[in-house]
Amino acid sequence: MWECPSGHDRVTCRARKGAPTVAETMTYAFLILSVITLLGALLAVLLRNLVHCVLSLILFFLGVAGHYFLLRADFLAAVQILIYIGAVAVLILFAIMLTRNVTGTEGPREVFGMKWWSGGVIAAALAAGVLRAVINDPVSQAGSSAQANSSVAEIGKALVGHWVVPFEAMAVLLTAALIGAVVIALEEVMRRR
Amino acid sequence: MESLYQVLRDCSWFAKLPDGLLFWISVLVPIGLIVAVYPAIFAYTTLIERKALGRIQNRIGPNRVGRWGILQPLADGAKLLTKEDIVPRAADRFVHGLAPVIAVIPSLLLFAVVPVGARLVPVDLNIGILFVFAISTGSVLALFMGGWASRNKFSLLGAMRAVAQVVSYEVPMVLAAVVVVMAAGSLSTVAIAEAQGGGILNISNWYVFRPWGFVGFVLFLIGAMAESARTPFDIPEAESEIIAGYHTEYSGFKFALFQLGEYLAAIAMAGITATMFLGGYNGPGSDLKYIGPVVGVFWFFAKLMSLIFVIIWIRGTWPRIRVDQLMGFAWKVLLPMSVVNIFAAAVYHFLNPKPLAWVVTAVGLLVAWVILSKVGAPNAIEKRVYRYAS
């Protein structure tokens with residue numbers, strides 16, 4: 001890889017005169033990804049047609065996956081796409097198909113209804129709380145030079161080593177959800193017979 | 001791409017060019033090759049399919065356009081390009097137009113992690129197999145969008161059945177791939193292909209020759225055929241049942257894009273199957289010093305075309321599965337089998353000596369299959385009850 005003659009490290013060195021450093025490129029990428037993510041999130045609540053809202057929510061999920069890639073958590077990014085877009089978004093689409101007001105032509109016409117300011121106040125309060133928690137967290141105060149060791153092997157070892165009790169609890173929860181889904185479907189089948 | 005960049009930098013003729021140009025060359029050459037080679041394979045796969053189906057059905061396929069129908073794909077492409085693009089008046093124009101594009105993009109992205117030869121992979125991701133599954137869930141969305149936006153009851157029905165089928169068959173497919181990841185110790189497709197090198201004639205280490213690998217191969221192939229909605233799983237586009245399912249209201253180039261996406265997904269999945277179970281580019285002569293990589297490329301494409309032929313063969317000979325039989329088969333037969341397969345692979349990994357492990361796991365998998373076919377399958381595949389006919 002590139003060896004800098006002046007002894008810079010890989011993040012701050014310019015590969016040649018006029019080229020952006022890795023840090024600058026990451027900043028541009030972060031800005032573009034943030035615009036896409038925020039656009040997806042805004043459109044998901046502002047659009048009138050519900051299916052269009054879900055599609056922009058999918059754009060939002062893709063933006064979040066991009067942010068995970070930027071943070072070098074590639075396993076998490078791939079799992080985000082697999083689970084959120086492949087399962088959660090499909091579930092939301094199925095649920096939307098069962099509602100009636102999909103095209104947005106019935107019901108209240110305005111997106112900014114009568115009490116939109118109360119929603120804004122609650123959102124601002126939540127945002128302030130989350131920002132405070134994130135800024136005071138020791139991981140974020142360590143700065144961007146902290147390297148995450150998040151290879152798949154490490155995640156696997158952590159899941160069955162240090163975090164084995166939450167892992168097993170999640171497995172029990174998922175089994176319960178699966179059995180519940182089968183029971184609900186079974187009632188329908190019994191009722192139909 | 002990275003290895004191409006290194007090779008260009010080391011070669012004295014190219015090293016004189018500026019660094020940025022080398023970077024762009026090393027990025028655009030693999031992309032250009034993918035865009036040139038794989039749609040060409042798609043075009044001739046459609047021809048091979050029609051000829052092969054024709055022979056299976058005791059007739060000759062297309063033979064009018066050029067000798068043996070060689071120019072038929074060009075004629076098909078020209079026809080679809082010049083057809084009128086009809087969009088139903090009540091359809092959602094934006095989503096209707098977006099669906100074919102979203103059908104093609106995941107299928108093209110899948111080719112980025114398929115190793116065509118030794119060190120000849122466009123992107124060497126260390127989460128290669130996970131990337132494959134994450135991207136293939138994107139094509140589910142295209143099915144749904146196409147069916148919904150057409151504002152057509154048959155399209156919507158086709159879309160719902162298609163999404164249910166694809167999501168159900170993803171689970172045994174992923175679990176069948178887990179076995180290979182366990183054996184190779186890495187999610188990267190390059191590492192999986194390399195782990196199957198060596199052995200007698202570079203063949204005996206292929207995972208398909210282990211019992212758990214063979215079962216995994218069959219499961220993965222069934223899952224791949226269901227993912228790309230090929231017969232016997234072509235409920236989404238069952239021509240005799242729901243007209244054309246989710247792509248009823250598409251004509252001209254948008255229909256061509258749907259076909260492109262579907263066939264490219266099938267070809268990419270065949271490539272991934274060849275990499276995971278059939279040893280990728282490994283074959284006799286692929287470890288020779290100078291022509292080894294070329295021989296490897298030949299072996300990879302030979303395996304790819306054989307798998308495509310098997311998929312076409314199955315399409316021509318087996319009938320379509322009913323939709324409730326399809327779901328029952330996925331959840332009650334394939335899923336338990338793939339879980340048992342994971343156990344078998346773990347047992348094989350830890351038992352020494354290997355011949356004993358081979359026999360033990362083969363016997364275990366056979367027993368599991370017999371039990372499942374006696375217990376699971378009759379429950380899954382119920383006989384049709386004709387209420388008014390008896």
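Residues numbered from 1 in each chain as written. Chains lettered and ligands numbered in written order. Predicted model: local features only at pLDDT ≥ 70, side-chain atom pairs only at ≥ 80, totals over all residues.

Let's talk about the overall build of chain B
Put simply, the rule is: Secondary structure is summarised from DSSP: a helix means a run of H or I of at least four residues, a strand means a run of E of at least two, and numbering begins at the N terminus for each. Put simply, the radius of gyration uses C-alpha atoms, and a globule should come to 2.2 Å times the residue count raised to 0.38. Remark: C-beta atoms are placed from the backbone, and a residue is labelled buried if 20 or more other C-beta atoms sit within 10 Å of its own, exposed if 12 or fewer do, or partly exposed between those counts. By definition, residue pairs are in contact when their C-beta atoms, positioned from the backbone, come within 7 Å.
The secondary structure content of chain B amounts to 13 helices and zero strands. For chain B, the N- to C-terminal ordering of α and β elements is α-α-α-α-α-α-α-α-α-α-α-α-α. Compactness check: chain B gives a C-alpha radius of gyration of 22 Å against a globular reference of 21 Å for 390 residues, within 12% of the reference. Overall, the C-alpha framework of chain B stretches about 70 × 55 × 40 Å when taken along its three principal axes. Looking at the 390 residues of chain B, the share that counts as buried comes to 43%. For chain B, restricting intrachain contacts to residue pairs at least 6 apart in sequence, the fraction spanning at least 24 positions comes to 77%.

Re the interface of chain B and chain A
So the rule is basically this: Classification convention: Asp, Glu, Lys, Arg as charged; Ala, Val, Leu, Ile, Met, Phe, Trp, Tyr, Cys, Pro as nonpolar; all other residues, Gly among them, as polar.
In this complex, chain B contributes 16 residues to the contact, which on the side of chain A involves 14 residues. Listing elements by their share of the side of chain B that touches chain A, those giving two or more residues are α5 (128-136), α6 (138-149) and α7 (153-184) of chain B. The leading source of residues in the side of chain B that touches chain A is α6(B), at five residues. For the side of chain B that touches chain A, the residue count by class is 13 nonpolar, two polar and one charged.

Brief notes about the confidence of the model for chain A
Spelled out, the test is: pLDDT is a residue-level measure of predictor confidence that goes from 0 to 100.
When the pLDDT values of chain A are averaged, the result is 82; 78% of them are 70 or greater. Mean pLDDT values over the elements of chain A span from 70, in helix α5 (residues 138-141) of chain A, up to 92, in helix α2 (residues 50-70) of chain A.

Some thoughts on the environment of A:I32
All names here are of chain A. Following the sequence through the fold, I32 ends up in helix α1 (residues 22-46). By C-beta crowding, I32 is classed as exposed, having 12 other C-beta atoms within 10 Å. In sequence terms I32 and I92 are 60 residues apart; their C-alpha atoms lie 27 Å from each other.

Points about the nonpolar core
Residues and elements named next belong to chain B. Cut-off, in case you're wondering: The term nonpolar core refers to a set of buried Ala, Val, Leu, Ile, Met, Phe, Trp, Tyr and Cys residues connected through C-beta atoms within 7 Å.
Among the nonpolar cores identified, the biggest contains 114 residues, and F144, V163, V180, F220, I267, A268 and A270 are the most heavily contacted of them. Counting residues per element, this core draws most heavily on helix α10 (residues 253-277), at 15 residues. Beyond its immediate stretch of four places on either side in the chain, A268 contacts S107, L110, F111 and V114.

Some points on the packing of α7(B) against helix α12 (residues 323-350) of chain B
All names here are of chain B. What counts is decided by this rule: Axis definition: a line fitted to C-alpha atoms, limited for helices to the stretch in contact. Angles are taken between N-to-C directions and run from 0 to 180 degrees. Throughout, the term roughly parallel applies to angles under 35 degrees, roughly antiparallel to angles over 145, roughly perpendicular to angles from 65 to 115, and oblique to all others.
Contact pair α7 / α12: the axes reach a minimum separation of 9 Å and the direction vectors enclose 10°. Between α7 and α12, the angle is such that the two are roughly parallel. Tallied by class, residues from the contact of α7 with α12 come to 20 nonpolar, five polar and one charged.

Side note on helix α4 (residues 116-135) of chain A
Threshold: To estimate the expected span of a helix, subtract one from its residue number and multiply by 1.5 Å.
Across its 20 residues, α4(A) extends 28 Å between first and last C-alpha, which sits within 8% of the 28 Å expected from 1.5 Å per residue. With respect to burial, α4(A) is a largely exposed element, only zero of its 20 residues being buried.

Concerning the domain arrangement of chain B
Residue and element names in this part refer to chain B. Threshold: Annotation comment: domain bounds sourced from an automatic or database domain assignment.
Along its sequence, chain B is organised into domain 1 (1-75) and domain 2 (83-320). Averaged C-alpha coordinates put domain 1 and domain 2 at centres separated by 17 Å. Contacts between the two partners involve 17 residues from domain 1 and, on the opposite side, 14 residues from domain 2. Secondary-structure elements contributing two or more residues to the side of domain 1 that touches domain 2 are α1 (2-10) and α2 (19-56).

Notes on unusual backbone geometry
Even without a glycine there, the phi angle at A:R72 is positive, about 65°. Looking at the element boundaries, A:R72 is found in the loop between α2 and α3 (74-97). Exposure remark for A:R72: the 12 C-beta atoms within 10 Å place this residue in the exposed category. One non-glycine residue, B:R119, lies in the positive phi region at around 60°. With respect to the helices, strands and loops of the structure, B:R119 is situated in the loop between α4 (93-110) and α5.

Things to note about the environment of B:F14
Residues and elements named next belong to chain B. Mapped onto the elements, F14 comes out in the loop between α1 and α2. Under the C-beta neighbour-count criterion, F14 is labelled partly exposed, with 15 such atoms within 10 Å. F14 sits 49 residues away from N63 along the chain, and the two C-alpha atoms are 47 Å apart.

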